[in-house]
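# Notes for the structure review
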There are 2 protein chains.
Amino acid sequence: MKPYYAVIFTNSKTNQVEGYQKMAEKMSDLASKQEGYLGEESAPGITISYWEDLESIRKWKDHPEHREAIELGRKTWYASYKTRIALVEREYSFEKP
Amino acid sequence: MKPYYAVIFTNSKTNQVEGYQKMAEKMSDLASKQEGYLGEESAPGITISYWEDLESIRKWKDHPEHREAIELGRKTWYASYKTRIALVEREYSFEKP
């Protein structure tokens, strides 16, 4: 397996939820169209996106629409969050036979 | 920041849920007592645990009670899962003022 990156985004929300779901879907959709995007997994409070390299992560971070969404997120939806950039070195899969 | 590891465990369940929650809590508790354990974040279908180094991850993987739980998970609760071992290189935090 070729190493790739995971961006682990964990967060807790404020009680201002208006517009959040729509924006989350929009950003998820926009991310999927960026160069170097490999996929995404999410559950309430956790979103992990996968990327080919640091350069594609940096470009996505600096995407104008994404920057606006981040700004709005800090003003409105998120009480706190943490973003971790991590190099995936190994992976194991299990699928029930 | 000193680099550390994230173990990203994503899964989908079967419809056999009996015993799962209890075991998940037991393993979460047991993991937290292992050397090198730094913390855990989880949401339905995703558990991320953080560790000082690969050695502590290997030891936890080989812990007898954990091995039994993994075995039972493969037989019973999980339709599929993926485990990724990733080196956390950078992190950013936001806390609402």
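Residues numbered from 1 in each chain as written. Chains lettered and ligands numbered in written order. Predicted model: local features only at pLDDT ≥ 70, side-chain atom pairs only at ≥ 80, totals over all residues. Heavy atoms only, no water.

## Some details on the interface of chain B and chain A
Tallying the contact residues gives 37 residues for chain B and 37 residues for chain A. Approximately 3,200 Å² of surface area, both sides summed, lies buried where chain B meets chain A, with 56% of it carried by carbon and sulfur atoms. Put simply, chain B and chain A have six salt bridges between them. Across the salt bridge formed by Lys82(A) and Glu91(B), the nearest N and O atoms sit 3.5 Å from each other. Here chain B is connected to chain A by 25 residue pairs in polar contact (both at pLDDT 80 or more). Sorting the residues of the side of chain B that touches chain A by element identifies β1 (4–13), β2 (37–43), β3 (46–51), α2 (54–61), α3 (64–77) and β4 (78–95) of chain B as the ones contributing at least two each. (Contact = heavy atoms within 4.5 Å. Buried area = accessible area lost by both parts, 1.4 Å probe. Salt bridge = Lys/Arg side-chain N within 4 Å of Asp/Glu carboxyl O. Polar contact = N/O pair within 3.5 Å; in protein donor to acceptor, adjacent residues only side chain to side chain. Helix = DSSP H or I, 4+ residues; strand = E, 2+ residues; numbered from the N terminus.)

## Focus: the relation of the copies chain B and chain A
Superposition record for chain B on chain A: RMSD 0.0 Å, screw rotation 180 degrees, translation along axis 0.0 Å. Taken together, the rotation angle and the small translation identify this as a two-fold axis. Most of the interface of chain B is mirrored in chain A, where 100% of its interface residues again form contacts. (Least-squares fit on C-alpha atoms with pLDDT ≥ 70 in both.)

## A short note on the pairing of strand β1 (residues 4–13) of chain A
Residue and element names in this part refer to chain A. Along β1, eight of the ten residues are buried, which leaves the element largely enclosed by surrounding structure. Where β1 and strand β4 (residues 78–95) come together, ten bridges link them in antiparallel fashion. Within the sheet, the bridge partner assigned to Lys13 lies in β4 and is Tyr78. Bridge count between β1 and strand β3 (residues 46–51): six bridges; the pairing is antiparallel. (Buried < 20%, exposed > 50% of the residue type's maximum accessible area, 1.4 Å probe, protein only. Pairing = 2+ DSSP bridges.)

## Quick look at the packing of helix α1 (residues 20–31) of chain B against α3(B)
Residue and element names in this part refer to chain B. At a closest axis distance of 11 Å, the pairing of α1 and α3 adopts a crossing angle of 155 degrees. Considering their axes alone, α1 and α3 lie roughly antiparallel with respect to each other. Note on packing geometry: the crossing formed by α1 with α3 is left-handed. In this structure, α1 uses Tyr20, Met23, Lys26, Met27 and Leu30 to contact α3, whose residues at the interface are Glu65, His66, Ala69, Leu72 and Trp77. Classifying every residue of the contact of α1 with α3 gives seven nonpolar, one polar and two charged. (Axes fitted to C-alpha atoms, helices over the stretch in contact; angles between N-to-C directions. Parallel < 35°, antiparallel > 145°, perpendicular 65-115°, else oblique. Left-handed = near helix turned anticlockwise from the far one by under 90°. Nonpolar A, V, L, I, M, F, W, Y, C, P; charged D, E, K, R; others polar.)

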